[in-house]
2 protein chains.
Amino acid sequence: MGKIYVVGIGPGGAGQTTPRAEAALAASDALVGYTTYIDLIRDRYPEKELVATPMTTEVERCKTCRDLALAGRTAAMVCGGDAGVYGMAGLVYQVCAGCPEVEIEVIPGVTAATAGAALLGAPLIHDFAAVSLSDALTPWETIARRLELAAEGDFVLCLYNPASRRRPDTLRQAAALLLRHRSPDTPCGLARRVGRPGEEAKICTLRELGEQQADMFTTVFVGSSQTRVVNGRLVTPRGYEQKGTL
Amino acid sequence: MGKIYVVGIGPGGAGQTTPRAEAALAASDALVGYTTYIDLIRDRYPEKELVATPMTTEVERCKTCRDLALAGRTAAMVCGGDAGVYGMAGLVYQVCAGCPEVEIEVIPGVTAATAGAALLGAPLIHDFAAVSLSDALTPWETIARRLELAAEGDFVLCLYNPASRRRPDTLRQAAALLLRHRSPDTPCGLARRVGRPGEEAKICTLRELGEQQADMFTTVFVGSSQTRVVNGRLVTPRGYEQKGTL
């Protein structure tokens, strides 16, 4: 019986991939993934069988891994960032629900939330909520409700998939909802193409957030009531000041 | 002028540390950190100046890095997991607020949320909220309110610092609050000492969660209404079934 490694390769090139993740790729017969991620590792594994498939073929991609494992081979499902955050790890388990004999090992990676946060400063130091603005698989009402409750709870927000060609307005809509609960001066940040050529970081206010350019390679951060800009970086305090120790 | 690298070394040994993080440690004159994390890298850098300090000395630890940088040296603030999630990155920026000439670079790592999730299955595949149950720097009322709002929003919850010797009851209290909003059959998981000797994973229900053993090395996961157990693993679907594509 073969095996499936579900591998988070981190946000960019080889410098952000853990040795454990590289070892899993090296131990696999076939590397399967979304074209963008296969392209990131193509040069590192010229001798491997590479199966690159486009967006929206996620179920087929997982079935390819399952079928390779059922045929006695070792397959790596290659994911950008972390495999378990808006990644393929869940779907691999679901597709293999009827084949408990297939061994699955998820190998974590540096996710876009923490990589983008590091580029912008330290916005995620305290409690935060991650919300995807993609309505492809989740009704917008659910997304909107989560945004409002997270804002009410004064969570820092990390928004994945803030906009796409099909939905150019979702970041603007999200910002409008958050403005019901948060000051328009709340510091926000955008991190784009983190760890890859063309990497960009920008800090703005919640008032300005809706007008920012964002796409599927952007991660957006909305501060809590405590988040501030310190020397040009987005920083959420942990609470040492309140305790009088700073 | 010197520099501070704030480095997330990941959840365990060298296999979970990215090459970029290792390069930053190698480029530093001094490695500063909480004793537990310095011990994890001690053998890899026998030639470095190591400054290991106990818990509750976080502000002094950051000032040590600042003073090294002001003296023209390169210091690495070593953090377990990711430096920007309940880590030292924010405090380093705050301590250096008056010294904008000190260069600070945060290097992200694999955080406990995604490392623990990978060990348990794929609980964080969809929207989630991270909440620390430590009331050392945050009033319990704020923590309780965030737990209730996150539960109301049907977020998956990832609980950091679920209990300690000083507060053995916080996980039980949190579970009781969550039971007001979530079914007692909600699948939950605990991941302990991820990536280190003694690594443990356990799956239980929300009804059973309050009675589980947890400590500062444990990360706790509480499923959303969609989370289920698939072949013994904790899995949150992304929504492919609802779309009829699975």
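Residues numbered from 1 in each chain as written. Chains lettered and ligands numbered in written order. Predicted model: local features only at pLDDT ≥ 70, side-chain atom pairs only at ≥ 80, totals over all residues. Heavy atoms only, no water.

Draft legend 1. The pairing of strand β4 (residues 74–79) of chain B, seen in detail. Burial analysis of β4(B) places six of its six residues in the buried class, the great majority of the element. Because side chains alternate across β4(B), one face comprises the buried residues Thr74(B), Ala76(B) and Val78(B), and the other comprises Ala75(B), Met77(B) and Cys79(B), equally buried. (Buried < 20%, exposed > 50% of the residue type's maximum accessible area, 1.4 Å probe, protein only. Helix = DSSP H or I, 4+ residues; strand = E, 2+ residues; numbered from the N terminus.)

Draft legend 2. Quick look at the pattern of salt bridges. Residue and element names in this part refer to chain A. Scanning the model with the defined rule gives 32 salt bridges over all chains in all. Two residues, Arg20 and Glu105, come together in a salt bridge whose shortest N-O distance is 3.1 Å. With Arg20 in helix α1 (residues 19–26) and Glu105 in strand β5 (residues 103–107), this residue pair connects regions lying 85 residues apart in the sequence. Classification of Arg20 as partly exposed rests on a relative accessible area of 29%. For Glu105, a relative accessible area of 24% puts it in the partly exposed group. Residues participating in the shared-partner salt-bridge network are Lys3, Arg20, Glu103 and Glu105. (Salt bridge = Lys/Arg side-chain N within 4 Å of Asp/Glu carboxyl O.)

Draft legend 3. Main features of the relation of the copies chain A and chain B. For these two chains of identical sequence, chain A goes onto chain B by a turn of 180 degrees and a shift of 0.0 Å along the axis, with RMSD 0.0 Å. Considering both components of the superposition, the chain copies are consistent with a two-fold axis. Counting the interface residues of chain A, we find that 100% of their copies in chain B are interface residues as well, pointing to one common contact surface. (Least-squares fit on C-alpha atoms with pLDDT ≥ 70 in both. Contact = heavy atoms within 4.5 Å.)

Draft legend 4. Here's a closer look at the sheet that holds strand β11 (residues 218–222) of chain A. Taken together, 10 strands build an open sheet; the order of strands is β10(A)-β9(A)-β11(A)-β8(A)-β7(A)-β7(B)-β8(B)-β11(B)-β9(B)-β10(B) and the sheet is mixed. Only two strands of the sheet have a single neighbouring strand rather than two, namely β10 (200–205) of chain A together with β10 (200–205) of chain B. Across the sheet, the mean angle separating the axes of adjacent strands is 15 degrees when strand polarity is ignored. Pairing of strand β9 (residues 187–192) of chain A with β10(A), which is carried by six bridges, proceeds in the antiparallel orientation. In the strand pairing of β10(A), Pro187(A) is matched with Thr205(A). (Pairing = 2+ DSSP bridges. Axes fitted to C-alpha atoms, helices over the stretch in contact; angles between N-to-C directions.)

Draft legend 5. A look at helix α5 (residues 112–120) of chain B. Residue and element names in this part refer to chain B. The buried fraction of α5 amounts to seven of the nine residues, a majority that puts the element mostly inside the structure. Taken together, the buried positions of α5 are Ala113, Thr114, Ala115, Gly116, Ala117, Ala118 and Leu120. Phi turns positive, to about 140 degrees, at Gly121, one or two residues after α5.

Draft legend 6. The arrangement of the sheet that holds strand β2 (residues 30–34) of chain B in detail. Residues and elements named next belong to chain B. On the basis of which strands lie adjacent, the open sheet formed by five strands has the order β3-β2-β4-β1-β5 and parallel pairing. With partners counted over all chains shown, the strands left at the sheet margins are β3 (49–53) and β5 (103–107), one partner each. Pairwise comparison of adjacent strand axes, ignoring direction, gives a mean angle of 20 degrees for this sheet. The pairing of strand β1 (residues 3–8) with β4 spans six bridges and is parallel. Of the residues in β4, the one forming a bridge with Gly8 is Cys79. Contacts from helix α3 (residues 58–70) reach β1, β2, β3 and β4 within the one sheet, and its direction differs from that of β2 by about 170 degrees.

Draft legend 7. Spotlight on the environment of Val6(B). Residue and element names in this part refer to chain B. Among the secondary structure elements, Val6 is positioned in strand β1. Sequence separation between Val6 and Ile143 is 137 residues; the distance between their C-alpha atoms is 27 Å. Contact partners of Val6, with chain neighbours within four places excluded, come to Met77, Cys79, Ala83, Met88, Ala89, Val92, Ile104, Glu105, Val106 and Ile107.

Draft legend 8. How the structure looks around empty space enclosed by the protein. For the structure shown, the criterion picks out one cavity of 30 Å³ or more. Of the voids in this model, the largest cavity is the one considered here, and its volume is about 50 Å³. Those elements that place two or more of their residues in the lining of the largest cavity are α5 (112–120) of chain A together with α5 of chain B. Tallied by class, the residues present in the lining of the largest cavity amount to six nonpolar, four polar and no charged. (1 Å grid on protein atoms, 1.4 Å probe; cavity = no way out; pocket = protein on both sides within 12 Å on 5 of 7 lines; lining within 4 Å. Points joined across faces, edges and corners; volume = space filled by probe spheres on them. Nonpolar A, V, L, I, M, F, W, Y, C, P; charged D, E, K, R; others polar.)

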